[in-house]
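Commentary on secondary and tertiary structure
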Amino acid sequence: MNIDPEKLPSIAKRLEDIIESCAANESDNEALLKEVCETYQESAKNLLHYSTFRTYDLRSIQKKLKRLGLSRFANAEGNILGSLTNAHNLLRLMGQPSKEYPSPDLGIGQGKKRLRKHTNGLFPTPKKSRRVRIMVTQPTESAHDYNKVLEMVKNGMNCARINCAHDNPDIWKAIADNVRKAAAECGTDVKIAMDLAGPKIRTGSLGMGPKVLKFKPKRSVLGIVETPAQIRWVPEDKKSIDPTAVPVASDWLALLHVGDKLILKDTRGKKRKLVVRKLEEGEALLHCKRTVYLETGTRLQPQRESIPEGVIGELLATDKYIELYTGNLLAVTANEEQGKLPQFDEEGKQIHAGSIPCLPSKVVSKAQKGEPILFDDGKIEGIITEVHKDHFMVRIVKAKENGARLKAEKGINFPTLDMGLSGLTDKDREDLKFVAKYADIVNFSFVNTAEDVDELLDQLEQLGARDKVSVILKIETRFAYRNLVKILLAAMKTQYVGVMIARGDLALEVGWKNMGKVQEEILSFCSAAHIPVVWATQVLEGLAKSGLPSRSEITDITSSLRAECVMLNKGQYINEAIVLLDEMLRGMEKLHSKKEGMWPKIDWL
């Protein structure tokens, strides 16, 4: 034993202080604990004990305990008081005269069991041999493409995420129906989680651009067409139309045959030929070997004389955007109607700054000169240079070399300012009616305080959905991180509860240099509360969007094993991402149980 025996009494006294502080914190919060539901009673106590434990700097004593062969509390979050009591009692057995503490109600090892029970209550148990669940953000296409949803379920999706910040209730219901249908076909259970948009600060409208869709073939590195552009035509009277599909009159569409050729002039006046390749369920798939821009009203001339001329129906308008370069000025305004595009001279120099609305507009009055501001998940960085009653000016200090496009509905972050936004928005309250009816889980975006949680639970109570719809708290602000313990205790008034580490906004809020530490702390405190964690944002994003993962994305999966669920965002190759994630999780879980290493006989591949 490489430790001075005379130091043992001081170690024992230190442990006594912590144990008694834990008991005092529990006593001080007796009234709060009475509000916690039975499911989380012991978990809430353990969270209070752990929050007390973490008010001490124990690094020096941890080293001494290690030399004694005792617990260093490195993996003790799940039952911190039990671990402290055991270590203290072992010191007594080593001859140290000190108090004797009874073992707490939560036994050693019970923390893991409770976490597993709570996780099984929140998410379905995977059919495959996998502990960590997979949540997948659903694209709009999931409302129209049942086979895509079915493939997600077959590949291992355990929870489907629908974001209420996008689309509309008709689309949401169609997605939910397809998920339920696919789960039933596969004989499995897939939960539906719906995100409330929350009080996120966003850019407002810049007006709508032309109603046009672009389709282009896939070419090899030599420029040779490998796959022609694929254009799906649907009846224009269809109730819900995929925004990437082209609407035409249903009676005209019914006249087409496979192999029919149509000639048109696109928006640039380019002559293009489209060929009908497939007809199915009143829709048509056409191929074009060259890039084509189609707009509302484009005339379609069939080569077969028995078919009259057709016309493209109403397409969705494209979004306008402001192109920003380092050094440009941008006005952020409280006028919610519509922004203005910037003006440039012949040499490309900005002569009039563009303007973009800020939603909600009341945020504008809280801006401060000299403070940083971030747009579109931090892709564009600026400094506030002037503050006026109805707008403030921003100088862009970081953007892509060839320009960054800022569109409507992109996030705005003020990492150093409290903008005073919290709670449910009017949209959230309306969307919650749909969530209560169709979802299993509500993802609470931009939660900041315990009062926010109480407000959500009250709304669920009024809708008759409390304890029926589970709650996942999205931790994505500096203030949510600071209030984490109070937020968790408030959420424990219902069942079941989870936490999502929303690493996108959270990284912008706390700063890149702090993000690693912050996510570790969230994992630790959730482990103490026996609450499952969702590891979210940019997981295998390169693979999902481009078909090829980066090296860092692969190693990120190893870190995600600390959580109980991993979230994938939408992308063209989402099913390839689900397959890889499923395989990696099942393989890596043989080596990791949460943050503990597991060592089977080595396989040298």
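See the structure shown above.
First, a word on scope: everything that follows refers to the structure included in this document. A quick note: this is a predicted structure, and the numbers were derived from the prediction, not measured.

About the cut-offs
Residues numbered from 1 in each chain as written. Predicted model: local features only at pLDDT ≥ 70, side-chain atom pairs only at ≥ 80, totals over all residues. Heavy atoms only, no water. Helix = DSSP H or I, 4+ residues; strand = E, 2+ residues; numbered from the N terminus. Buried < 20%, exposed > 50% of the residue type's maximum accessible area, 1.4 Å probe, protein only. Contact = heavy atoms within 4.5 Å. Pairing = 2+ DSSP bridges. Axes fitted to C-alpha atoms, helices over the stretch in contact; angles between N-to-C directions. Salt bridge = Lys/Arg side-chain N within 4 Å of Asp/Glu carboxyl O. Parallel < 35°, antiparallel > 145°, perpendicular 65-115°, else oblique. Left-handed = near helix turned anticlockwise from the far one by under 90°. Core = buried A, V, L, I, M, F, W, Y, C linked by side-chain atoms within 4.5 Å. Phe/Tyr/Trp six-rings, centres within 6.5 Å; stacked < 30°, edge-to-face > 60°. Lys NZ or Arg CZ within 6 Å of the ring centre and 35° of its normal.

1. Some thoughts on the environment of Ile 531
With respect to the secondary-structure elements, Ile 531 resides in the loop between α15 (512-529) and β29 (533-536). A residue is classified by how much of its surface remains accessible, and Ile 531, at 1% relative accessible area, is buried. On a C-alpha basis, the gap between Ile 531 and Thr 119 in space is 7.2 Å, while along the polypeptide they are 412 residues apart. Aside from chain neighbours lying at most four places away, what touches Ile 531 is Tyr 40, Leu 115, Leu 488, Met 492, Val 497, Gly 498, Val 499, Cys 526 and Glu 564.

2. As for the sheet that holds strand β11 (residues 271-280)
The strand order across the open sheet built from 7 strands is β9-β8-β12-β11-β10-β14-β15, with neighbouring strands paired in mixed fashion. Of all the strands in the sheet, just β9 (246-248) and β15 (310-311) have a single pairing partner and so form its edges. Inspection of the sheet shows β11 paired to strand β12 (residues 283-288) by 5 bridges, in the antiparallel sense. Bridge assignment links Glu 280 to a residue of β12, and that residue is Glu 283.

3. Remarks on the sheet that holds strand β26 (residues 441-444)
The strands making up a sheet associate through hydrogen bonds between their backbones, and the pairing can be parallel or antiparallel. If you trace the 8 strands once around the closed barrel, you get β1-β2-β3-β26-β27-β28-β29-β30, paired in parallel fashion. Strand-to-strand twist across the sheet, computed as the mean angle between neighbouring axes with direction ignored, equals 25°. Note: strand β3 (residues 191-195) against β26, 3 bridges, orientation parallel. Counterpart to Ala 193 in the pairing with β26 is Ile 441. Where α15 meets the sheet, its contacts fall on β27 (470-475), β28 (497-502) and β29, and the angle it forms with β28 comes to roughly 175°.

4. Details of the pairing of strand β23 (residues 391-398)
Taken together, the 5 bridges between strand β17 (residues 329-333) and β23 define a ladder with antiparallel strand orientation. Note on β23: the bridge partner recorded for Leu 329 is Arg 395. With 6 bridges joining them, strand β22 (residues 380-387) and β23 adopt antiparallel strand pairing. What sits directly across from Val 387, in β23, is Phe 392. Linking β22 back to β23 in an antiparallel pair, the connection comprises 3 residues.

5. Remarks on the pattern of salt bridges
Scanning all chains against the criterion turns up 32 salt bridges. With its nearest N and O atoms 3.0 Å apart, the salt bridge here joins Asp 505 to Lys 200. Highlighted residues: Asp 505 in helix α14 (residues 503-510) and Lys 200 in the loop between β3 and β4 (202-203), separated in sequence by 305 residues. Glu 314 is the salt-bridge partner of Lys 211, the closest N and O atoms lying 2.2 Å from each other.

6. Describing the packing of helix α1 (residues 8-28) against helix α4 (residues 59-67)
Closest axis-to-axis distance for the α1/α4 pair is 11 Å, and the angle between their directions is 120°. One finds that α1 runs oblique with respect to α4. When you trace α1 past α4, the crossing you get is left-handed. Taken together, the residues of α4 that come into contact with α1 (itself represented by Ile 11, Arg 14 and Leu 15) are Ile 61, Lys 64 and Leu 65.

7. So, the pairing of strand β20 (residues 354-359)
Side-chain positions along a regular strand alternate between the two faces of the sheet. With 5 of 6 residues buried, β20 lies mostly within the body of the structure. Pairing between β4 and β20: 2 bridges, direction antiparallel. Its bridge partner lying in β20, Thr 203 is registered against Cys 358.

8. Structural notes on the nonpolar core
Judged by nonpolar contacts, the single largest core of 125 residues is most densely connected at Met 135 and Leu 473. Those residues in contact with Met 135 that sit more than four places away from it in its chain are Phe 123, Cys 159, Arg 161, Ala 193, Ile 472, Met 500, Val 534, Cys 565, Val 566, Met 567 and Leu 568. In this structure, Ile 356, Ala 367, Ala 404 and Leu 406 belong to the second largest nonpolar core, which totals 26 residues.

9. Some words on the packing of aromatic side chains
Per the counting criterion, the structure on display carries 7 aromatic pairs. Ring plane angle 80° and centroid distance 5.8 Å describe the contact between Phe 53 and Phe 73, whose orientation is recorded as edge-to-face. Separated by 20 residues along the polypeptide, Phe 53 in helix α3 (residues 41-53) and Phe 73 in the loop between α4 and α5 (80-93) bring together distant segments of the chain. Classification of Phe 53 by relative accessible area gives buried; the value is 5%. An aromatic cluster is built from Tyr 50, Phe 53, Phe 73 and Phe 525, whose rings are joined through pairwise contacts. Between the NZ or CZ atom of Lys 181 and the centre of the ring of Tyr 146, over which it lies, the distance is 4.4 Å.

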